[in-house]
Amino acid sequence: MKLIQSCDELKAWIGSNVAADKSIGFVPTMGALHMGHISLVKKAIQLNDIIIVSIFVNPTQFNDPKDLEKYPRTMEEDMALLSAYKIDVIFAPSVNEIYPNGEKSNTKYNLGGLDTYMEGAHRPGHFNGVVQVVLRLLDLIKPNSLYMGQKDFQQFSIIQYVLKDLNLPVELVVCPIKREANGLAMSSRNERLSPLARANASIIYKCLKRSKVLLISQSVEKVKNYVEKKFEKTSFELEYFDIVDVFTLSPINDISQSEYVAACIAVSIEKIRLIDNIIIKYPKVK
Ligand code: AMP
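As the structure is a computational prediction, the values presented were derived from the model and not from experiment. (Residues numbered from 1 in each chain as written. Predicted model: local features only at pLDDT ≥ 70, side-chain atom pairs only at ≥ 80, totals over all residues. Heavy atoms only, no water.)

**Student:** Go over the overall build of the chain with me, naming the residues and quoting the values.
**Tutor:** Looking only at helices and strands, one finds 11 helices and nine strands in the chain. For the chain, the spread of C-alpha atoms along the principal axes amounts to about 60 × 45 × 40 Å. A buried classification covers 52% of the 286 residues belonging to the chain. On the chain, roughly 14,200 Å² of surface is accessible, and the fraction owed to carbon and sulfur atoms is 51%. Between the averaged position of the 35 positive side-chain charges in the chain and that of its 32 negative side-chain charges there is a distance of 5 Å. (Helix = DSSP H or I, 4+ residues; strand = E, 2+ residues; numbered from the N terminus. Buried < 20%, exposed > 50% of the residue type's maximum accessible area, 1.4 Å probe, protein only. Areas by Shrake-Rupley, 256 points an atom, 1.4 Å probe, with all protein chains shown as cover. Lys, Arg positive; Asp, Glu negative; His and termini not counted. Charge placed at Lys NZ, Arg CZ, Asp CG, Glu CD.)

Structure below.
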């Protein structure tokens, strides 16, 4: 496992260590790693010859400077965790390495309108920043496949859209959500929750699972009301709970209107945002 911090060194390493017939699996992260990240690493190892993991807290995807400042940075622990797996390179560049001309970019990527919903509506510019850094990393690494989590539902949808739109030769592999014992989706942000909030946050996945059952017999409107009422009784602030079409991300009012449906939720507590989702309905295999 080699730690590389400069783009030139990374390109040189790939040039001299990756034969033309070898596949590169790439796992982008912002560090503060947990077993959710590791599930992506394990999948990449199963399917590829060379594994590259990046650790980079990307400033351009934070619309709240305080959130960026508070984002956990745990490089030593991350390296120790990753050392148990057969990873070839950890790429941990500085901001200046990734954005040598400054991090401000005037490029507005075509996100097909997918950024107008949910996270995009609550975090202006967030997905433009995500796409900016992912494209920069893909250009440097040129992986065969890219590993992302279903946890960041809208993120993988948007990256999938951009890969197709730009016709980039990289396969996106989406990995299932890893959860803590109480059902809370693992997240680097969970570390910042008080023990009580972390325990009570089990309500998020419970609500998602209950909604899935309720949607078999009840309308979207009724189920949304049910979730809103549930959260009113807690100290969690419900930012959104939307039932969406997986391809367009647009909210739907009737799940029979769409073949592929997910419920997505964002709540905040103790000034920390938590997101989660569940697939309500899969397309029928034809
Ligand atoms: P982050 O470091 O938060 O940017 O996450 C890096 C990657 O790990 C993203 O593709 C996330 O979707 C994925 N990820 C984060 N949390 C989880 C989780 N609980 N289960 C599976 N994948 C996750």
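That was the structure; now back to the text.
**Student:** Account for the site of the ligand, with residues named and values stated.
**Tutor:** In the vicinity of the ligand lie 17 residues, with Met30, His37, Asp152, Lys178 and Met186 positioned nearest. His37 is positioned with one of its side-chain polar atoms (N or O) 2.8 Å from an oxygen atom of the ligand. Take Met186: an N or O atom from its main chain is 2.9 Å from a nitrogen atom of the ligand. Every element with two or more residues in the shell around the ligand is listed here: strand S2 (24-29), helix H2 (35-47) and strand S5 (145-149). Element by element, the count of residues in the shell around the ligand is highest for H2, at three residues. Looking at the shell around the ligand residue by residue, the classes come out as eight nonpolar, six polar and three charged. (Near = heavy atom within 4 Å. Polar contact = N/O pair within 3.5 Å; in protein donor to acceptor, adjacent residues only side chain to side chain. Nonpolar A, V, L, I, M, F, W, Y, C, P; charged D, E, K, R; others polar.)

**Student:** Go over the nonpolar core, please, and point to the residues and values.
**Tutor:** Ranked by internal contacts, the top residues of the largest apolar core, which has 47 residues, are Ile52, Phe91, Leu146, Phe153 and Ile159. At 10 residues, the largest contribution of residues to this core is made by helix H7 (residues 126-141). Counting 28 residues, the second-largest nonpolar core is a separate cluster that includes Ala197, Val227, Phe241 and Ile243. (Core = buried A, V, L, I, M, F, W, Y, C linked by side-chain atoms within 4.5 Å.)

**Student:** Explain the sheet that holds strand S8 (residues 261-269) to me, and be specific about the residues and the numbers.
**Tutor:** Ordered in space as S7-S8-S9, the three strands form an open sheet in which the pairing is antiparallel. Because the sheet does not close on itself, it has two edges, and the strands there are strand S7 (237-245) and strand S9 (272-281). Neighbour-to-neighbour, the strand axes of the sheet open up by a mean angle of 15°, direction not taken into account. Each of S7, S8 and S9 is contacted by helix H10 (residues 202-214), which is oriented at about 20° to S9, the strand it contacts most. (Pairing = 2+ DSSP bridges. Axes fitted to C-alpha atoms, helices over the stretch in contact; angles between N-to-C directions. Contact = heavy atoms within 4.5 Å.)

**Student:** Report on the pattern of salt bridges, specifying residues and quantitative values.
**Tutor:** Evaluation of the coordinates by the stated rule reveals 12 salt bridges. Of the charged contacts, one joins Asp276 and Arg179 as a salt bridge, the two residues approaching to 2.8 Å between their closest N and O atoms. Placement of Asp276 in strand S9 and of Arg179 in the loop between strand S6 (171-175) and helix H9 (195-200) is noted, with a sequence separation of 97 residues between them. We classify Asp276 as buried; its relative accessible area is 4%. Through salt bridges with shared partners, a single ionic network connects Glu119, Arg123, Glu239 and Arg273. (Salt bridge = Lys/Arg side-chain N within 4 Å of Asp/Glu carboxyl O.)

**Student:** Outline the packing of aromatic side chains, listing residues and values.
**Tutor:** The relation between two aromatic rings is expressed through the spacing of the ring centres and the mutual angle of the planes. Scanning the model with the defined rule gives six aromatic pairs in all. Ring centres of Phe56 and Tyr99 lie 6.3 Å apart, and the angle between their planes is 55°; on these two criteria the pair is classed as tilted. Placement of Phe56 in the loop between strand S3 (50-55) and helix H3 (65-70) and of Tyr99 in the loop between helix H5 (95-98) and helix H6 (118-122) is noted, with a sequence separation of 43 residues between them. Each member of the pair, Phe56 together with Tyr99, is buried. An angle of 75° between the planes, with centres 5.6 Å apart, marks the rings of Phe62 and Tyr71 as edge-to-face. Take Tyr71: its relative accessible area is 7%, and that puts it in the buried class. In textbook terms, an aromatic cluster arises when at least three aromatic residues are bridged by ring pairs, as seen for Phe247, Tyr260 and Tyr282. (Phe/Tyr/Trp six-rings, centres within 6.5 Å; stacked < 30°, edge-to-face > 60°.)

**Student:** Break down the sheet that holds S6 for me, citing the residues and quoting the values.
**Tutor:** Sheet architecture is open: six strands sit in the order S1-S4-S3-S2-S5-S6, paired in parallel fashion. Among the strands making up the open sheet, the edge pair consists of strand S1 (2-4) and S6. Ignoring strand direction, the axes of neighbouring strands in this sheet form an average angle of 25°. Relative to strand S4 (residues 89-91), S1 runs parallel, the two being bridged by three bridges. If you follow Lys2 over to S4, its bridge partner there is Val89. In the packing of helix H1 (residues 7-17) onto the sheet, contacts are made with S1, S2, S3 and S4, and the angle to S1 comes to roughly 140°. On the sheet, helix H4 (residues 75-82) packs against S1, S3 and S4 and is oriented at approximately 165° with respect to S3.

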